[in-house]
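Spelled out from the first residue to the last, the chains are:
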Amino acid sequence: VPLRKCPSLGPGRLGRAMSAREQSQSCAFSAASRSPCEAEEEAAAPGRCLSLLPWDRFSAWLHCVCVVGFDLELGQAVEVIYPQHSKLTDKEKTSICYLSFPDSNSGKCFLLLCHLKSVCKDPAYYYGYVYFRQVRDKTLKRGYFQKSLVLISRLPYIHLFHTVLRHIAPEYFVKSEPFLEAVCSDVDHWPPPVPGKTLILPIMGIIMKVRIPTCHDKPGTTHIVQFTHEVDTQISIALPTVHEVDLFRCFCPVFFHIQMLWELVLLGEPVVVMAPSPSESSDTVLALVSCISPLKYCSDFRPYFTIHDSEFKEYTTRTQAPPSVILGVTNPFFAKTLQHWPHIVRIGEIKLPGEVPKQVKVKKLKNLKTLDSKPGVYTSYKPYLNRDEEIIKQLQKGVQQKRPAEAQSVILRRYFLELTQSFIIPLERYVASLMPLQKSISPWKSPPQLRQFSQEDFMKTLEKAGPQLTSGLKGDWIGLYRHFLKSPNFNGWFRTRRKEMTQKLEALHLEALCNEDLLFWSQKHTEVETVDLVLKLKNKLFQADREHLPMKPDTMEKLQMHIDTIILALPDDLQDILLKTGTT
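The structure presented is a predicted model; accordingly, all values stated were derived computationally and were not measured.

## So, the sheet that holds strand β7 (residues 198-203)
And step 1. Overall, mixed pairing links the three strands, which are arranged β7-β8-β9 in an open sheet. Both outer strands of the open sheet, β7 and β9 (237-238), are each paired with one neighbouring strand and no more.
And step 2. Pairing of β7 with strand β8 (residues 206-211), which is carried by six bridges, proceeds in the antiparallel orientation. If you follow Ile200 over to β8, its bridge partner there is Lys209.

## Regarding unusual backbone geometry
If a residue is not glycine, its phi is most likely negative; likewise, a peptide bond is most likely trans.
And step 1. For the bond from Tyr82 to Pro83, the omega torsion is 0 degrees, close enough to zero to count as cis.
And step 2. With respect to the helices and strands, Pro83 occurs in the loop between β3 (75-82) and α4 (90-99).
And step 3. Omega for the bond connecting Ser293 with Pro294 falls within 30 degrees of zero, at 15 degrees, which places this linkage in the cis form.
And step 4. The residue Pro294 is located in the loop between α9 (278-290) and β11 (300-302) in this model.

## As for the pattern of salt bridges
And step 1. What the rule picks out here adds up to 15 salt bridges.
And step 2. Notably, a salt bridge pairs Arg302 with Asp300, separated by 2.7 Å at the nearest N-O pair. The pair formed by Arg302 and Asp300 is uniform in burial state, with each residue classed as buried.
And step 3. Of the charged contacts, one joins Glu506 and Lys540 as a salt bridge, the two residues approaching to 3.6 Å between their closest N and O atoms. Separated by 34 residues along the polypeptide, Glu506 in helix α16 (residues 488-514) and Lys540 in helix α18 (residues 527-547) bring together distant segments of the chain. Summarising the burial analysis for this pair, Glu506 and Lys540 share the class buried.
And step 4. Salt bridges sharing common partners tie together Asp300, Arg302, Asp309 and Glu311.

## Thoughts on the environment of Gly69
And step 1. Tracing the chain through its elements places Gly69 in strand β2 (residues 64-71).
And step 2. Among the residues examined, Gly69 registers a relative accessible area of 2% and is labelled buried.
And step 3. Along the chain, Gly69 and Ser100 lie 31 residues apart, while their C-alpha atoms are 9.5 Å from each other.

## Some words on the nonpolar core
And step 1. Core analysis: the largest hydrophobic core is formed by 107 residues, its most contacted members being Trp61 and Phe251.
And step 2. Per-element accounting of this core gives the leading share, 10 residues, to helix α13 (residues 405-432).
And step 3. Counting 20 residues, the second largest nonpolar core, distinct from the first, contains Leu513, Val531, Ala544 and Ile566.

## Thoughts on the packing of aromatic side chains
And step 1. Counting across every chain of the model gives 34 aromatic pairs.
And step 2. Measuring from ring centre to ring centre gives 6.1 Å for Phe453 and Phe458, while their planes differ by 40 degrees; the resulting arrangement is tilted.
And step 3. One aromatic cluster is present, built from ring pairs that chain together Trp262, Phe423, Tyr430, Phe453, Phe458, Tyr481, Phe484, Phe490, Trp493 and Phe494.

## Some thoughts on α9
Since the α-helix advances by 3.6 residues per turn, residues separated by three or four positions end up pointing in the same direction.
And step 1. The end-to-end C-alpha distance of α9 is 18 Å, a good match for the 18 Å that 13 residues give at a rise of 1.5 Å each.
And step 2. Burial runs high along α9: 12 of the 13 residues are buried.

## Focus on the pairing of strand β13 (residues 343-346)
And step 1. Every second residue of β13 is oriented toward a common face, with His343 and Val345 on one face and Ile344 and Arg346 on the other, all of them buried.
And step 2. When strand β10 (residues 271-274) meets β13, the two strands line up parallel, connected through four bridges. Each bridged residue has a counterpart across the sheet, and for Val273 the counterpart in β13 is Val345.
And step 3. Relative to strand β14 (residues 376-379), β13 is paired through four bridges, and the arrangement is antiparallel. The residue of β14 that forms the bridge with Ile344 is Tyr378.

Each value, and the rule that gives it
- Residues numbered from 1 in each chain as written.
- Predicted model: local features only at pLDDT ≥ 70, side-chain atom pairs only at ≥ 80, totals over all residues.
- Heavy atoms only, no water.
- Pairing = 2+ DSSP bridges.
- Helix = DSSP H or I, 4+ residues; strand = E, 2+ residues; numbered from the N terminus.
- Salt bridge = Lys/Arg side-chain N within 4 Å of Asp/Glu carboxyl O.
- Buried < 20%, exposed > 50% of the residue type's maximum accessible area, 1.4 Å probe, protein only.
- Core = buried A, V, L, I, M, F, W, Y, C linked by side-chain atoms within 4.5 Å.
- Phe/Tyr/Trp six-rings, centres within 6.5 Å; stacked < 30°, edge-to-face > 60°.
- Expected span 1.5 Å × (residues − 1).

Okay, structure coming up:
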């Protein structure tokens, strides 16, 4: 959520239990228009992060830090924004206030970490991470002290900011603003979050060691940070991941339906997660979104959706079909207002099972009356693929043998990765065949166009080169592909692949130009044609640099040499004009 421009922030996600009376929950404000990877890369841009101006390093990690308190007469209100020059509109402050507090009262004193996500029409967005504290205080009229510490960031590093908040928040509630200033000062000395780099991050007496993920990392394969150097003796925490959720823990309440849930997410179906707290709600939503990785989930998702959200009416109306979105809710009011949604996942308190989970049947939607209904999946959806009994047995065996939760999550993430790859490889193979042959690229003609995607042509390829080559799962794969080709996830995936291939054609066209004797060509053509060529080459050079076209390292240099050589062969007056002429 670009908190400086966004008209409204919306809901998000919450974290893991700290004890019977303390819970952790995490929250992020963001937009569906850009991926976390894009946010990472922009935040790590050299121009942003390497400057040494005050707060530039801080801005590479955080936009600001807020404190939200509860006033008996005014309700929630933003009490502190730091650094003080950070700007938030009144609407943004109001949204942050609603999203930083639980949507329903559990009647307990607890600590809460929450990660909220919301849509904003601005192409930039931020995530927010919230630590909510509620303790009994008889001196207050309400009987409770309620306050939230909120970190606003461009980066979707859930686990990292979880760790930071768990360390700094309890001490902040004792030492107040001076402590907050010291925290921000520490962050302002952190190195920039460059993807692929392993960093040492000191903050208020502890030293964290983390690796920043890249867009090319496979799910669950982020390099585990090891203690290997002398400096590591001073490190307090080495985080194995900065952004992944505990997948196995999240799916425990719906253990036997993981493959059906994978299909629902893959197809962009409307799904509601009903949970007893924001922690369970948002953890489960984020786990669902991540289960089709490395395929990007292209619809919207709201890990923690409240009745105050600007799209509340749109999502609860019965006059139109629910949109392609995954909602996480906690307010009992939603059990009635969202009952018309086609797929509802009801979960109880998330905890790792001490015994083998019992199989729970898929329930009919009419059986879902309230949030007190039994955990399970309420839907009339019939999966396209037969259930994979092997993964169920493997995870059940892990529970019996008391296999660590981290290991169970690795097994489950690998299963989802292999399933998604088996599904997407035939599509990748077919789309690659739409690329024109390199010999058809002429330096003197515009780059050739990609061939059109034909659903029927693709379906014909599945008989010999379908998912059966890499997956043993049986079922209606053809039906699953037909459904997927109508989904937002296919549209987003194909749009990205088409852009990549178009850029590759542009790069090959430039390389073909570089291999021509352009000076010889210019000598056989008029000055007008030569000037036109120079201007076109300059524009292509500018475009290649702006779009980071995938070219050989020396192509740009060769093209610039061609341009310079041609200009020097022209009359002096044209040389002066062309040397001063920029690009558009």
